[in-house]
Amino acid sequence: YLYIFRALDEERNTKYKAAVKIQRWFRACRVTAYLRHLSKMAILIQKWWRGYLRRKHFREIVERAYFIKKLKFYNEMAVRIQKLWRGYCVRKYIHNFYALKKYLKAVSVNNELVRSELQEYAEMKENEEKMKDLEKNEKKEKYQARKMHYLLSTEQIPGIYNSPFRKSPDPMELLLRKSKPLPHRKQQVKSPFADELYDWPTCKKPPAFITALPLLPADRQKPQGPFRDPAEVLRQRYKPLEPTLRVRESMYSPPAKAREATPRDEWRSPIHDNEFLPFSSYHKKYEKYEPSLFKSGKYGQEAYGTKYFREVYPKKWIADKDFETQFSSIVLFEKFGKTYSSTGKIV
């Protein structure tokens, strides 16, 4: 019995699953068909609505184009009427045809005269240029003949321009006979100090500063006695030139112009009227100096050895600005530590 019940149970489950599968497939087909029907109906409605909108828009475009075309036609006709009327009015009341014809004839005659004068002027200029070229070439040939005067033929030896195989001498030979030789030029010997004295201050050549020191002989030794090393002496002797800021800088540079403009501004708008009273920094917020050696305090004069040794009087301060430095660098301070004194020590 158990076997039979088990077989029946399995058969019932199989039929149940088959029925569920058939129902699921049928319901899916029914829903799919309904959705497809809805989609087709929506597409059909959208198609008819979009067609209606596009036809309506097209009708509006056609009406607008027809209106623009009609307006252009009316404008063209109005322009044509205005053109004809203005031409008739100008020809009848403003411009005279015979006067205009006479004026044009006078202009053509004047043009012919100007053209003929310009042609003559151009020919004159061309002739002048040709004459200048001829003179230049003639001067060049004469200078060449004077320069090559040594090629002139003599009674015994013919020159290269007077070949015995030619019937007549070369024109260069005739020019050599007429010209004189060039004088010998003396070579000017320049002193080595001329460039140093004259070229650099007049800005003919850029200053050539010494960048490398001359080499000492191999057998050169330090002399006995309290003398400095030769290399150190040569380094001091051939030290490169270090021009100051005032010499190295151009007078047209922006800093130089600013330094020139500063005194003018101070003269035009002075800080105070009284020139002989000192400035002060009373307005600055920092600790002020206490009076010096014998300062007067709340309980009388204090002894030497206090913290501060400068005495100021706040009641005498009259300005609110501190001193401003407007000077260039000092040459003496720039050379500090770079030169030697008479005793050979570094200053």
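Cut-offs applied
The numbering scheme is per chain: residues are counted from 1 as the chain's sequence reads. Residue-level local features of this predicted model are given only where pLDDT is at least 70; pairs of side-chain atoms are given and counted only at 80 or more, and the full residue set underlies all totals for whole chains, interfaces and linings. Note that the side-chain values use all heavy atoms of the structure and ignore hydrogens as well as water. Every helix listed is a DSSP run of H or I at least four residues long, and every strand listed is a run of E at least two residues long, numbered separately from the N terminus. Classification of residues uses two cut-offs on accessible area relative to the type maximum, computed with a 1.4 Å probe and protein chains only: under 20% is buried, over 50% is exposed, and between them is partly exposed. In this description, accessible areas are obtained by the Shrake-Rupley approach with a 1.4 Å probe, and a residue is regarded as covered only by the protein chains that are shown. The salt bridge definition used is simple: a Lys or Arg side-chain nitrogen within 4 Å of an Asp or Glu carboxyl oxygen. UniProt positions are given in the numbering used here, feature names are shortened, and annotations may be inferred rather than shown by experiment. What makes a patch is a set of residues exposed beyond 30% relative accessible area and free of salt bridges, joined within 9 Å when like-charged and within 5 Å when nonpolar (Val, Leu, Ile, Met, Phe, Trp, Tyr). Only the stretch in contact is used when a helix axis is fitted, and all axes are lines through C-alpha atoms; the angle between N-to-C directions ranges over 0 to 180 degrees. Here is the rule for angles: anything less than 35 degrees is roughly parallel, anything more than 145 is roughly antiparallel, 65 through 115 is roughly perpendicular, and the remaining ranges are oblique. We call two residues in contact whenever any of their non-hydrogen atoms come within 4.5 Å of each other. Gly falls in the polar group here, along with every residue not listed as nonpolar (Ala, Val, Leu, Ile, Met, Phe, Trp, Tyr, Cys, Pro) or charged (Asp, Glu, Lys, Arg). Pairs were defined over the aromatic rings of Phe, Tyr and Trp, the Trp ring being its six-membered one, requiring ring centres within 6.5 Å. Orientation was assigned from the angle between planes: stacked under 30 degrees, edge-to-face over 60, tilted for the rest.

Student: Explanation requested: the overall build of the chain in the structure shown.
Tutor: Secondary structure assignment for the chain yields eight helices and two strands. Counting from the amino terminus, the chain carries its helices and strands in the arrangement α-α-α-α-α-α-α-β-β-α. Here the chain holds 347 residues, and the buried ones make up 8% of them. When the accessible surface of the chain is summed, it comes to about 33,800 Å², and 60% of that surface belongs to carbon and sulfur atoms.

Student: What should I look at first to understand the pattern of salt bridges in this one?
Tutor: When the charged atoms of two side chains with opposite charge come close together, those side chains can pair. In this structure the tally under the stated criterion is six salt bridges. Residue aspartate 9 pairs with arginine 12 through a salt bridge whose shortest N-O separation is 2.5 Å. One end of the pair is aspartate 9 and the other is arginine 12, both in helix 1 (residues 2-94) and three residues apart, which spans about a single turn. Note on aspartate 9: relative accessible area 31%, which makes it partly exposed.

Student: How should the UniProt feature "coiled-coil region" (unreviewed entry) in the chain be read in this particular structure?
Tutor: Under the local residue numbering, the UniProt record ascribes the feature "coiled-coil region" (unreviewed entry) to residues 111-144. Annotation note: span residues 111-144, helix share 100%, strand share 0%, distance between end C-alpha atoms 49 Å.

Student: Explain a nonpolar patch on the surface here, please?
Tutor: Taken together, the side chains of Tyr3, Ile4, Phe5 and Leu8 present a nonpolar region at the surface, about 500 Å² in accessible area. Residue classification places phenylalanine 5 among the exposed residues on the basis of a relative accessible area of 54%.

Student: Looking at this model, I keep getting lost on the packing of helix 2 (residues 97-147) against helix 3 (residues 171-178). Mind explaining?
Tutor: Axis angle and axis distance: for two packed helices, these are the angle between their axes and the distance between the axes, and together they describe the pair. The contact between helix 2 and helix 3 brings their axes to 9 Å, and the two run at 75°. What the angle tells us is that helix 2 and helix 3 run roughly perpendicular. Every residue of helix 3 that contacts helix 2 at Glu141, Lys142, Gln144 and Ala145 is listed here: Met172, Leu175 and Leu176. Here the contact of helix 2 with helix 3 is built from residues that sort into four nonpolar, one polar and two charged.

Student: Quick question: what am I supposed to make of the packing of aromatic side chains here?
Tutor: Ring pairs (aromatic) are described by centroid distance and by the angle formed between their planes. One pass over the structure, following the stated rule, counts three aromatic pairs. With 5.6 Å between their ring centres and 35° between their planes, tryptophan 49 and tyrosine 52 make a pair best called tilted. In this pair, tryptophan 49 and tyrosine 52 are both assigned in helix 1, three residues apart and thus about one turn of the helix distant. The class for tryptophan 49 is exposed, based on a relative accessible area of 51%. Aromatic side chains tryptophan 85 and tyrosine 88 sit 5.7 Å apart centroid to centroid with 40° between the ring planes, which places their arrangement in the tilted category. Of this pair, tryptophan 85 and tyrosine 88 both sit in helix 1, separated by three residues, roughly a single helical turn. By relative accessible area, tyrosine 88 is classed as partly exposed at 38%.

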